[in-house]
Amino acid sequence: MLGYVILIILQIAGAWTLAPQLKRFLPAIPQFGGYNVEIFVWALIFAVIVFVIGFIGSIVLKGVRTPGAGTLTVSLLLALILAALTFIPPITQAVAQIVPRVEILWWPLLGAVVGYFVKR
């Protein structure tokens, strides 16, 4: 259990710090119909980083399972779903009332991390 707690912390911290570094190498994403769809690129980057850190963590940490392709798929899907929810104003307003000052980029990151641990 302690291995999974450490893995969650490593995944969140690693994705939050590495994603902007990787994003610099990608071209600018144009707006689509007035919407900034760049959050879907962030979701993809977060899911891949979370998966890679999870794979390395499974080698280093004792008692942590090795992720498979299904884990990456669920992590990516949940990150994309939570990224899509940021386009629905009632949902973002409700979350802002519960957790004030939450940054929009946390949505796909948390989706990627939760998706990683949902697949067992």
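Going by the structure above, here's the rest.
The present account deals with the structure reproduced in this document.

Reading the values: rules and limits
Residues numbered from 1 in each chain as written. Predicted model: local features only at pLDDT ≥ 70, side-chain atom pairs only at ≥ 80, totals over all residues. Heavy atoms only, no water. Helix = DSSP H or I, 4+ residues; strand = E, 2+ residues; numbered from the N terminus. Buried < 20%, exposed > 50% of the residue type's maximum accessible area, 1.4 Å probe, protein only. Polar contact = N/O pair within 3.5 Å; in protein donor to acceptor, adjacent residues only side chain to side chain. Core = buried A, V, L, I, M, F, W, Y, C linked by side-chain atoms within 4.5 Å. Expected span 1.5 Å × (residues − 1). Bend = angle between axes of the 7 residues up to and from the residue. Contact = heavy atoms within 4.5 Å. Patch = residues over 30% accessible without salt bridge, like charges linked within 9 Å, V, L, I, M, F, W, Y side chains within 5 Å. Areas by Shrake-Rupley, 256 points an atom, 1.4 Å probe, with all protein chains shown as cover. Salt bridge = Lys/Arg side-chain N within 4 Å of Asp/Glu carboxyl O. Axes fitted to C-alpha atoms, helices over the stretch in contact; angles between N-to-C directions. Parallel < 35°, antiparallel > 145°, perpendicular 65-115°, else oblique. Left-handed = near helix turned anticlockwise from the far one by under 90°. Nonpolar A, V, L, I, M, F, W, Y, C, P; charged D, E, K, R; others polar.

### Side note on the environment of E38
Next up, step 1: Topologically, E38 is positioned in helix 2 (residues 38-60).
Next up, step 2: Relative accessible area serves as the criterion here: at 24%, E38 is assigned to the partly exposed category.
Next up, step 3: Through-space distance from the C-alpha of E38 to that of A83 is 9.6 Å; in sequence the pair is 45 residues apart.
Next up, step 4: Here K23 takes part through its side chain, which lies 2.6 Å from a polar atom of the side chain of E38.

### Structural notes on the nonpolar core
Next up, step 1: Formed by 24 residues in total, the largest nonpolar core has its most connected members in L7, F46 and V50.
Next up, step 2: Taken together, the elements giving at least two residues each to this core come down to helix 1 (2-23), helix 2, helix 3 (69-85) and helix 5 (106-118).
Next up, step 3: Sort the elements by how many residues they give to this core and helix 2 lands first, with 10 residues.

### Quick notes on helix 1
Next up, step 1: For helix 1, spanning 22 residues, the distance from its first C-alpha to its last is 31 Å, which sits close to the expected 32 Å at 1.5 Å a residue.
Next up, step 2: The axis of helix 1 is deflected most strongly, by about 30 degrees, at A15.
Next up, step 3: Where helix 1 is buried, its residues touch helix 2 and helix 5.

### Things to note about a nonpolar patch on the surface
Next up, step 1: Where nonpolar side chains cluster on the molecular surface, the patch consists of L44, V48, V52, F55, I56, I59 and V60 and spans about 640 Å² of accessible area.
Next up, step 2: Relative to the helices and strands, I59 resides in helix 2.
Next up, step 3: Accessibility expressed as a relative area gives 61% for I59, which makes it exposed.

### Topic: the packing of helix 2 against helix 3
Describing two packed helices takes the angle between their axes plus the distance from one axis to the other.
Next up, step 1: Running from N to C, helix 2 and helix 3 point in directions that differ by 150 degrees, and their axes come no closer than 9 Å. Here helix 3 runs roughly antiparallel to helix 2, going by the angle between their axes. Seen along the crossing, helix 2 lies across helix 3 with a hand that is right-handed. Here I39, F40, A43, L44, A47, V48, V50 and F51 of helix 2 come into contact with helix 3, specifically with L72, S75, L76, A79, L80, A83 and A84.
Next up, step 2: Partitioning the contact of helix 2 with helix 3 into residue classes produces 14 nonpolar, one polar and no charged.

Bear in mind that shape data such as this cannot, by itself, settle questions of function.
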